[in-house]
Amino acid sequence: MENSTNDRPAIKVLMFGTGFDVKGGITSVQKLIVERDSPSFIIQHIPTIIQGSARENILAFLQAIFQLCWVIFTKQVDVIHIHFSERGSTLRKSIIIWISLLFRQSIILHAHGGSYREFYAGLPRVLQRVLVWTFSKCSRIIVLSKSWQDYYHSTFDIDRSKLIVLYNPTLVPLEIPNRLERKQLKFVFLGLIGKRGGALDLVKSAISFPKPDKGAFDLINAFAALPESDRDRVELVLAGNGDLDTANQLISDLKLTGKVTILSWIDPQQRDELLASADAFILPSYNEGLPMSMLESMAWGLPVIVTPVGGIPEVITHNQNGLLIEPGNREQLVAAMQSLIGDEDLRISLGMAARHSVAGLDIHCYVKSLAEVYTSAIEEKHIQD
């Protein structure tokens, strides 16, 4: 794959982000991009964090810096694409940005992290100013929704022309299962179970670090509050990493053993098998960017129960292609589950509408938009030079 369809050399992209062994939505986005064949660009992916010990991660980051310098010196890069989120990710990626700026590289920032507002607000003023300056020097910033575009524009004073809205991509299956006339139903949750802290919480006396919460424990408690007749018709499966022991203890305390199952993190094939067997997806998050698990579930034709946080309200319209509830509102969550349990027509219609909604987010369309972002950043740099 040497040339684009326009006989122009393929753009050489150096991408920094999580290692492909790290669990989470950012990894899913990166893998989708890297694994797609595009005639417009070639990506070299470099992890700045891996699934390993603190020592292994320090070595991985130092190796990433060495690779960055080597690729720049050998002129093997046209644009640098950096995925970032809150906490340690911001620190690591800022260092990558500063080094890249020294060599006058085109830099694309890709903003993830559903709790970035809270993270940034908790930083000391001096660190906020450093981030404002750092972000302002990047060629483009990809954000996950129009609401996030508004946030980065107002908070970091970044021109809207530099803030590119690209909803997360997904891979839309060609076929989905027939879910009509199912006597027993399966509801699925995918994501963090509990609240994620992190090593940087050790210094939270100086900096306030939010702990993202996907609402898994809220979901278990709401499931317990369903009338027994409804619980008899449905099983709940939660898959992900996090505080699994506490979740299993809660299930035992609520006498839900056999009705609620906790799985550890599952790979993409297992995820697709689970979604194919499911009847609905639930993610009662308190904060989000634009959850990959929701988009993947919609692509499989599942009705979704989600909260209007982050970019979700720009994708989900209540009672049209999903159900929206307020974070932490158990009564709304119970009522939403009951409506899907008792109304097959609603389940099927919402699921089909959800699948239609994400058709335009298929990865094959996404890479074309991404190529346009790369090209515009490179052309702008040529003009400035």
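Anything mentioned here points back to the structure above.
Residues numbered from 1 in each chain as written. Predicted model: local features only at pLDDT ≥ 70, side-chain atom pairs only at ≥ 80, totals over all residues. Heavy atoms only, no water.

*Asks:* Teacher, can you tell me more about the packing of aromatic side chains here?
*Replies:* Scanning the entire structure with this criterion turns up 14 aromatic pairs. On the basis of an interplanar angle of 85° and a centroid distance of 5.3 Å, the ring pair of Phe73 and Phe103 is categorised as edge-to-face. Note that Phe73 is positioned in helix H2 (residues 54-73) and Phe103 in the loop between helix H3 (88-102) and strand E4 (107-111), a separation of 30 residues in sequence. What makes Phe73 exposed here is its relative accessible area of 56%. In this structure Phe103 comes out as partly exposed when scored by relative accessible area, which is 30%. Centroid distance Tyr152 to Phe156: 5.4 Å. Interplanar angle 20°. Geometry classified as stacked. With Tyr152 and Phe156 both in helix H6 (residues 146-156), this residue pair falls four residues apart, about one helical turn. For the pair Tyr152 and Phe156, one class covers both residues: buried. Over the face of the ring belonging to Trp148 we find Arg117, whose NZ or CZ atom lies 4.0 Å from the ring centre. (Phe/Tyr/Trp six-rings, centres within 6.5 Å; stacked < 30°, edge-to-face > 60°. Helix = DSSP H or I, 4+ residues; strand = E, 2+ residues; numbered from the N terminus. Buried < 20%, exposed > 50% of the residue type's maximum accessible area, 1.4 Å probe, protein only. Lys NZ or Arg CZ within 6 Å of the ring centre and 35° of its normal.)

*Asks:* Honestly, H2 in this entry has me stumped. Any pointers?
*Replies:* It helps to recall that an α-helix has 3.6 residues per turn; residues three or four apart then point in one direction. Helix length check: H2 (20 residues) gives 29 Å between terminal C-alpha atoms against 28 Å at 1.5 Å per residue, within 8%. Within H2 the residues assigned to the buried category are Asn57, Ala60, Phe61, Ala64, Ile65, Leu68, Val71 and Ile72. Buried positions in H2, seen along its axis, are confined to an arc of 140° and lie on one side of it. Relative to its buried face, H2 has exposed residues pointing more than 90 degrees away, namely Arg55, Ile58, Phe66, Trp70 and Phe73. Along its buried surface, H2 packs onto strand E1 (11-18), strand E2 (41-49), strand E3 (79-84) and H3. In the segment just after H2, Lys75 is the residue with positive phi, at about 55°. (Expected span 1.5 Å × (residues − 1). Arc of directions from axis to C-beta. Contact = heavy atoms within 4.5 Å.)

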